[in-house]
Amino acid sequence: MTDKNAQIFPIIARDCLCRKARMADRMITRAYDEALRPCGLRITQFTLLVAIGYGAPGSISELADWLAMERTTLTRNLKLLEKEGLIETRTGSHHRARASGLTPAGKAKLDEAYPLWQAVQKKYRDGLGEEQWQESHDVLTGLTTIAR
């Protein structure tokens, strides 16, 4: 290890925004996944179903952009949800585009998952307090805006 490495390692370990964001992401994801386990969903699936139900953009590419996901990752996740009967694929807003919609089973799954999601949301909201909760949302929105 060079002297330069010895100097930069503590700085990176202490100050790297990406490391801290990934740590928080993993811990928060774990909490949401655990909460949603009784209904058989992971938070990634839940948020994808919500985006589709909300009426997210009319094609897979637009949905991937809207969710800041890689298109291939999104397509793989959509296929799994379709295989489980939670969504159906249809023609999108452009004649060659594909879009997804919730099936009745998908809507029922969201109804089942919502109170579980609500409980973990409340845990974080109460833990942070209202001011920090709002600041967290503002900071995360700002970070995603910079990254785009």
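Residues numbered from 1 in each chain as written. Predicted model: local features only at pLDDT ≥ 70, side-chain atom pairs only at ≥ 80, totals over all residues. Heavy atoms only, no water.

A. Representation of the overall build of the chain. Per the secondary structure count, the chain includes six helices and two strands. Helices (α) and strands (β) of the chain occur, in sequence order from the N terminus, as α-α-α-α-α-β-β-α. The C-alpha atoms of the chain give 19 Å as radius of gyration, which overshoots the globular expectation for 148 residues (15 Å, by more than 25%). Taking the principal axes of its C-alpha atoms as reference, the chain extends roughly 60 × 35 × 30 Å. Looking at the chain as a whole, 25% of its 148 residues are labelled buried. Sequence separation of at least 24 residues holds for 44% of the intrachain contacts in the chain that already meet a minimum separation of 6. Summed over all atoms, the accessible surface of the chain reaches about 10400 Å², with 57% contributed by carbon and sulfur. (Helix = DSSP H or I, 4+ residues; strand = E, 2+ residues; numbered from the N terminus. Rg over C-alpha atoms; globule rule 2.2 N^0.38 Å. Buried < 20%, exposed > 50% of the residue type's maximum accessible area, 1.4 Å probe, protein only. Contact = heavy atoms within 4.5 Å. Areas by Shrake-Rupley, 256 points an atom, 1.4 Å probe, with all protein chains shown as cover.)

B. Spotlight on the layout of surface pockets. Reported here for the largest pocket is a volume of approximately 2000 Å³. Lining the largest pocket we find 36 residues, and of these Asp 25, Ile 28, Thr 29, Leu 140 and Thr 144 sit closest to its centre. Those elements that place two or more of their residues in the lining of the largest pocket are helix H2 (17–36), helix H3 (43–54), helix H4 (60–67), helix H5 (71–83) and helix H6 (104–147). Considered class by class, the residues forming the lining of the largest pocket number 21 nonpolar, 11 polar and four charged. (1 Å grid on protein atoms, 1.4 Å probe; cavity = no way out; pocket = protein on both sides within 12 Å on 5 of 7 lines; lining within 4 Å. Points joined across faces, edges and corners; volume = space filled by probe spheres on them. Nonpolar A, V, L, I, M, F, W, Y, C, P; charged D, E, K, R; others polar.)

C. Layout of the pattern of salt bridges. Per the counting criterion, the structure on display carries six salt bridges. When the shortest N-O distance is used, the salt bridge between Arg 42 and Asp 33 registers 3.0 Å. Taking the relative accessible area as the measure of exposure, Asp 33 reaches 9% and is therefore buried. Glu 112 is the partner of Lys 109 in a salt bridge, and the nearest nitrogen-oxygen pair spans 3.7 Å. With Lys 109 and Glu 112 both in helix H6 and three residues apart, this pair spans about one turn of that helix. (Salt bridge = Lys/Arg side-chain N within 4 Å of Asp/Glu carboxyl O.)

D. Broad picture of the packing of aromatic side chains. The tally for this structure, following the rule as stated, stands at four aromatic pairs. With centroids separated by 6.1 Å and ring planes inclined at 5 degrees, the aromatic side chains of Tyr 32 and Tyr 124 adopt a geometry described as stacked. Here Tyr 32, found in helix H2, pairs with Tyr 124, found in helix H6; they are 92 residues apart in sequence, far enough to count as distant. Classification of Tyr 124 by relative accessible area gives partly exposed; the value is 23%. Here the aromatic rings of Tyr 54 and Trp 66 are separated by 5.9 Å at their centres, their planes lie at 15 degrees, and the arrangement is stacked. With a gap of 12 residues between them, Tyr 54 in helix H3 and Trp 66 in helix H4 connect regions that are remote in the sequence. (Phe/Tyr/Trp six-rings, centres within 6.5 Å; stacked < 30°, edge-to-face > 60°.)

E. Representation of H3 within the structure. In this model, H3 (12 residues) spans 16 Å end to end at C-alpha, consistent with the 16 Å of a helix rising 1.5 Å per residue. Listing the buried residues of H3 in full gives Ile 43, Gln 45, Phe 46, Leu 48, Leu 49, Ala 51 and Ile 52. Buried residues belonging to H3 abut H2, H4, H5, strand S1 (87–91), strand S2 (98–102) and H6. Looking one or two residues beyond H3, the residue adopting positive phi is Gly 55, at roughly 95 degrees. (Expected span 1.5 Å × (residues − 1).)

F. The packing of H3 against H5, seen in detail. With their axes 11 Å apart at the nearest point, H3 and H5 run at an angle of 85 degrees to one another. As summarised for this structure, H3 and H5 are arranged roughly perpendicular, according to the angle between their axes. Here Gln 45, Leu 48, Leu 49 and Ile 52 of H3 lie close against H5, whose contacting residues are Leu 74, Asn 77, Leu 78 and Leu 81. Of the residues in the contact of H3 with H5, the class split is six nonpolar, two polar and no charged. (Axes fitted to C-alpha atoms, helices over the stretch in contact; angles between N-to-C directions. Parallel < 35°, antiparallel > 145°, perpendicular 65-115°, else oblique.)

G. Representation of the environment of Arg 14 in the model. Take Arg 14: it is sitting in helix H1 (residues 3–15). We classify Arg 14 as partly exposed; its relative accessible area is 48%. If we ignore the near neighbours within four places in the chain, the residues touching Arg 14 are Arg 19 and Lys 20. Among the polar contacts listed, one links the side chain of Arg 14 to the side chain of Asp 15, at a separation of 3.3 Å. (Polar contact = N/O pair within 3.5 Å; in protein donor to acceptor, adjacent residues only side chain to side chain.)

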